[in-house]
Amino acid sequence: MLKVGITGGIGSGKTLAASLFKTLGIPVYDADAAAKRLMSTSKSLQQQLIAAFGEEAFKNGQLDRAFLAARVFGDDEQLKKINSIVHPAAIQDSQDWFKQQHAPYAIKEASILFETGSDQYLDYIIGVTAPEQLRIQRTIERSHLTEQQVRERMDKQMDETEKMRRCHFVINNNGHLSLIEQVVKIHEALLYKSARQ
Ligand SMILES: CC(C)(COP(=O)(O)OP(=O)(O)OC[C@H]1O[C@@H](n2cnc3c(N)ncnc32)[C@H](O)[C@@H]1O)[C@@H](O)C(=O)NCCC(=O)NCCS
Ligand SMILES: Nc1ncnc2c1ncn2[C@@H]1O[C@H](COP(=O)(O)OP(=O)(O)OP(=O)(O)O)[C@@H](O)[C@H]1O
């Protein structure tokens, strides 16, 4: 089975693109959600997060995402700290998930993938891109974040052009090109590659 990654900067539309692969019967692993699940359930991660960020990392036993986001996205050292706690466990969890899948290929959806080095465990990577202003606008409409908060996160991610250059397939989610057509084309290419494996 081929291991495929789908990545793109904040608001690029990778969750939407991944959901289209899902409707084609392809299993999809959501890395952002899995990271949050692990942070909420693993005693070891919880202890490390409390040691690094204090008891406030959890509120009434729940991960305090707003507190952590405010601490890490404006401070490189703090971001490195949370990444070094969460990423090894998150990568292991996705590797375990891939082992359980039975399909021609399976997809790991992750907002940061080259940044964490997890691209080395994948056979192919699909990039989703959209113009910066559109990504900001879509993120603001979808979440509670301000433009400044979205830009803060963008600044911590790999340059969009460089990221897309490293991908084997690129989906342009600029609102004009058909997302479905692009997804189906990549799906067919991956089925072909999987059959020849
Ligand atoms: C700080 C946290 C709790 C904030 O949670 P929140 O619900 O506000 O954001 P969420 O995780 O859904 O991320 C939203 C977007 O922010 C960006 N983002 C998240 N983590 C990172 C990061 N480490 N570096 C750069 N951008 C990031 C991505 O574009 C992501 O899609 C959370 O982002 C986190 O734990 N981040 C560190 C772990 C991580 O890297 N997770 C993601 C991949 S494993
Ligand atoms: N082509 C499109 N047309 C209209 N709305 C879109 C399009 N693509 C994405 N969106 C909307 O933009 C928002 C961001 O898309 P999505 O959640 O898929 O991005 P993402 O890359 O997963 O973002 P994040 O990194 O923040 O998790 C969502 O509300 C989504 O419905």
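Residues numbered from 1 in each chain as written. Chains lettered and ligands numbered in written order. Predicted model: local features only at pLDDT ≥ 70, side-chain atom pairs only at ≥ 80, totals over all residues. Heavy atoms only, no water.

As recorded by an unreviewed UniProt entry, the chain carries the name Dephospho-CoA kinase and is attributed to Niabella ginsenosidivorans. Taken from UniProt, the Subcellular location (unreviewed entry) comment for the chain reads in full: "Cytoplasm". Regarding the chain, the relevant UniProt record gives this comment under Pathway (unreviewed entry): "Cofactor biosynthesis; coenzyme A biosynthesis; CoA from (R)-pantothenate: step 5/5." (UniProt positions renumbered as here; feature names shortened; annotations may be inferred.)

Asks: Any chance you could explain the pairing of strand β1 (residues 2-7) here in plain terms?
Replies: Side chains on a regular strand alternate between the two faces of the sheet. Burial of β1 is extensive: 5 of the 6 residues sit out of reach of the surface. With 5 bridges connecting them, β1 and strand β5 (residues 105-109) associate as parallel partners. Of the residues in β5, the one forming a bridge with Val 4 is Ile 107. Pairing of β1 with strand β6 (residues 124-129) involves 4 bridges; the strand directions are parallel. (Buried < 20%, exposed > 50% of the residue type's maximum accessible area, 1.4 Å probe, protein only. Helix = DSSP H or I, 4+ residues; strand = E, 2+ residues; numbered from the N terminus. Pairing = 2+ DSSP bridges.)

Asks: How should the site of ligand 2 be read in this particular structure?
Replies: Surveying the vicinity of ligand 2 reveals the residues Gly 9, Ile 10, Gly 11, Ser 12, Gly 13, Lys 14, Thr 15, Leu 16, Glu 109, Arg 138, Arg 142 and Asn 173. The contact in question runs from an oxygen atom of ligand 2 to an N or O atom on the side chain of Ser 12, over 3.2 Å. At a separation of 2.7 Å, a nitrogen atom of ligand 2 approaches a polar side-chain atom of Asn 173. Relative to its unbound accessible surface of 640 Å², ligand 2 loses 71% to contact with the protein. Elements with a minimum of two residues in the shell around ligand 2: α1 (14-23) and α6 (132-142). (Near = heavy atom within 4 Å. Polar contact = N/O pair within 3.5 Å; in protein donor to acceptor, adjacent residues only side chain to side chain. Areas by Shrake-Rupley, 256 points an atom, 1.4 Å probe, with all protein chains shown as cover.)

Asks: Sorry if this is basic, but what is going on with the site of ligand 1 here?
Replies: Taken together, 16 residues sit near ligand 1, with Lys 36, Arg 65, Asn 83, His 87 and Gln 157 positioned nearest. For ligand 1, an oxygen atom lies 3.4 Å from a polar atom in the side chain of Ser 111. Secondary-structure elements contributing two or more residues to the shell around ligand 1 are α2 (31-41), α4 (65-72) and α5 (76-99). The residue makeup of the shell around ligand 1, split by class, is 8 nonpolar, 4 polar and 4 charged. (Nonpolar A, V, L, I, M, F, W, Y, C, P; charged D, E, K, R; others polar.)

Asks: Where do I start with helix α9 (residues 179-195) in this structure?
Replies: Residues that lie three or four places apart on an α-helix share one face, since the helix turns once every 3.6 residues. An ideal rise of 1.5 Å per residue puts 24 Å on 17 residues; α9 measures up with 24 Å between its terminal C-alpha atoms. N-cap assignment for α9: the residue whose side-chain oxygen lies 3.5 Å from the backbone N of Ile 180 is Ser 178. (Expected span 1.5 Å × (residues − 1).)

Asks: Any chance you could explain α4 here in plain terms?
Replies: What α4 keeps buried is the set Phe 67, Leu 68, Ala 69 and Val 72. On its buried face, α4 sits against α2, α3 (43-53), β4 (62-63), α5 and α7 (147-155). (Contact = heavy atoms within 4.5 Å.)

Asks: Hey, could you run me through the packing of α2 against α3 in this one?
Replies: Between α2 and α3, the shortest axis-to-axis distance is 6 Å and the interhelical angle comes to 85°. The angle between α2 and α3 falls in the class roughly perpendicular. On the side of α2, the interface is formed by Leu 38, Met 39, Ser 40 and Thr 41, while α3 contributes Lys 43, Leu 45, Gln 46 and Leu 49. Of the residues belonging to the contact of α2 with α3, the class tally is 4 nonpolar, 3 polar and 1 charged. (Axes fitted to C-alpha atoms, helices over the stretch in contact; angles between N-to-C directions. Parallel < 35°, antiparallel > 145°, perpendicular 65-115°, else oblique.)

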